[in-house]
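# Breakdown of the fold
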Amino acid sequence: MPVGSSAKVITDDQLALFAEDFHLPDTLVPGYRALMPLSPALIYLAIFGDMQFSEYSTRLAERHAQSGGRTFMSRFARQRNGPEGAVYAWHCADIPFAFGNLTAKSVEFLISGPPSAEDHQLSRRMLNAWVSFAATGDPGWQPINDSTSSVQTWGSSDSPSPLHAAGIRELWHQADFPLLRP
């Protein structure tokens, strides 16, 4: 989906309608607000992104672990504070970090400007984890098991903490949100 092509949700009423249209539990929007006291537009983007990407991936990984598979999960949660406020991670923003090509001018759009020293450190940590995983099968954190969803959170000092991600997971446990169907 091209940037800017999704619905513009900027009011509390629009956010409530979005939650109703997708049959989200009544506790989801207030739960996100408690974890991230942001504008309705940013709450919408967080819920929409988790609904489209994170929740499907996490539930699939949990089912894989429950059936005996070995699965590692990570979440790219880097945010950057700029002159117009916080810029949050979005789909594919992790790619330049994972491949270590932050200095390519063409990726500045994805990472919200030229990379900082902290961005380079984050990229090195991510590269080390992926190299370790490719070489040994161990990225450096625990796999998901049938009782916990261990998720590596990649971020900067401005990013949400892993406890924030755990709080979001707990909110989604209350949602009747089936895996994709053929």
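Reading guide: rules and limits
Residues numbered from 1 in each chain as written. Predicted model: local features only at pLDDT ≥ 70, side-chain atom pairs only at ≥ 80, totals over all residues. Heavy atoms only, no water. Axes fitted to C-alpha atoms, helices over the stretch in contact; angles between N-to-C directions. Helix = DSSP H or I, 4+ residues; strand = E, 2+ residues; numbered from the N terminus. Left-handed = near helix turned anticlockwise from the far one by under 90°. Contact = heavy atoms within 4.5 Å. Salt bridge = Lys/Arg side-chain N within 4 Å of Asp/Glu carboxyl O. Buried < 20%, exposed > 50% of the residue type's maximum accessible area, 1.4 Å probe, protein only. Phe/Tyr/Trp six-rings, centres within 6.5 Å; stacked < 30°, edge-to-face > 60°. Core = buried A, V, L, I, M, F, W, Y, C linked by side-chain atoms within 4.5 Å. Expected span 1.5 Å × (residues − 1). Arc of directions from axis to C-beta.

Here we take up the packing of helix H2 (residues 28-35) against helix H3 (residues 40-66). Relative to each other, H2 and H3 sit at 115 degrees, their axes nearing to 10 Å. For the pair H2 and H3, the sense of crossing is right-handed. On H3, the residues that touch Leu28, Val29, Tyr32 and Arg33 of H2 are Ile43, Ala46, Ile47 and Asp50.

With that settled, the discussion passes to the pattern of salt bridges. Under the defined criterion, the tally for this structure stands at eight salt bridges. For the salt bridge of Glu55 with Arg169, the shortest nitrogen-to-oxygen distance reads 2.6 Å. Placement of Glu55 in helix H3 and of Arg169 in helix H7 (residues 162-173) is noted, with a sequence separation of 114 residues between them. For the pair Glu55 and Arg169, a shared accessibility class is recorded, and that class is buried. A salt bridge links Lys105 to Glu108; the shortest N-O distance between them is 3.4 Å.

Within the structure shown, the criterion is met by 10 aromatic pairs. Measuring from ring centre to ring centre gives 4.9 Å for Phe18 and Tyr44, while their planes differ by 85 degrees; the resulting arrangement is edge-to-face. Residue Phe18 is found in helix H1 (residues 12-21), and its partner Tyr44 is found in helix H3; the two are separated by 26 residues along the sequence. With respect to class, Phe18 is no different from Tyr44; both count as buried. Residues Trp141 and Trp154 carry aromatic rings whose centres are separated by 5.8 Å and whose planes lie at 80 degrees to one another, so their mutual orientation is edge-to-face. Residue Trp141 is located in the loop between helix H6 (117-136) and strand E4 (151-154), and its partner Trp154 is located in strand E4; the two are separated by 13 residues in the primary sequence. Here the two residues Trp141 and Trp154 agree in accessibility, since each one is buried.

What follows concerns unusual backbone geometry. One non-glycine residue, His23, lies in the positive phi region at around 55 degrees. Residue class for His23 comes out exposed when judged on its relative accessible area of 70%. Its identity as a non-glycine residue notwithstanding, Ser112 has a phi of 65 degrees, on the positive side. Note on placement: Ser112 falls in the loop between helix H5 (108-111) and H6.

It is characteristic of soluble globular proteins that their nonpolar side chains tend to be buried jointly. Judged by nonpolar contacts, the single largest core of 19 residues is most densely connected at Leu15, Phe18, Leu24, Leu28, Tyr32, Ile47 and Trp172. Of all the secondary structure elements, the ones that give two or more residues to this core are H1, H2, H3 and H7. Of all the elements, H3 adds the most residues to this core, at six residues. In contact with Leu15, not counting residues within four places along its chain, are Val9, Val29, Arg33, Pro40, Ile43 and Tyr44. Listed in part, the 12 residues of the second largest apolar core include Ala98, Leu102, Leu122 and Ala129.

This paragraph deals with H6. With 20 residues, H6 should reach 28 Å at 1.5 Å per residue; the first-to-last C-alpha distance of 28 Å fits that figure. Every buried residue of H6 is accounted for by Asp119, Leu122, Ser123, Met126 and Ala129. For H6, the angular spread of buried residues about the axis comes to 125 degrees, placing them on one side. Exposed residues lying more than 90 degrees from the buried face of H6 are Ala117, Asn128, Val131, Ala135 and Thr136.

Purely geometric numbers; function is a separate question.
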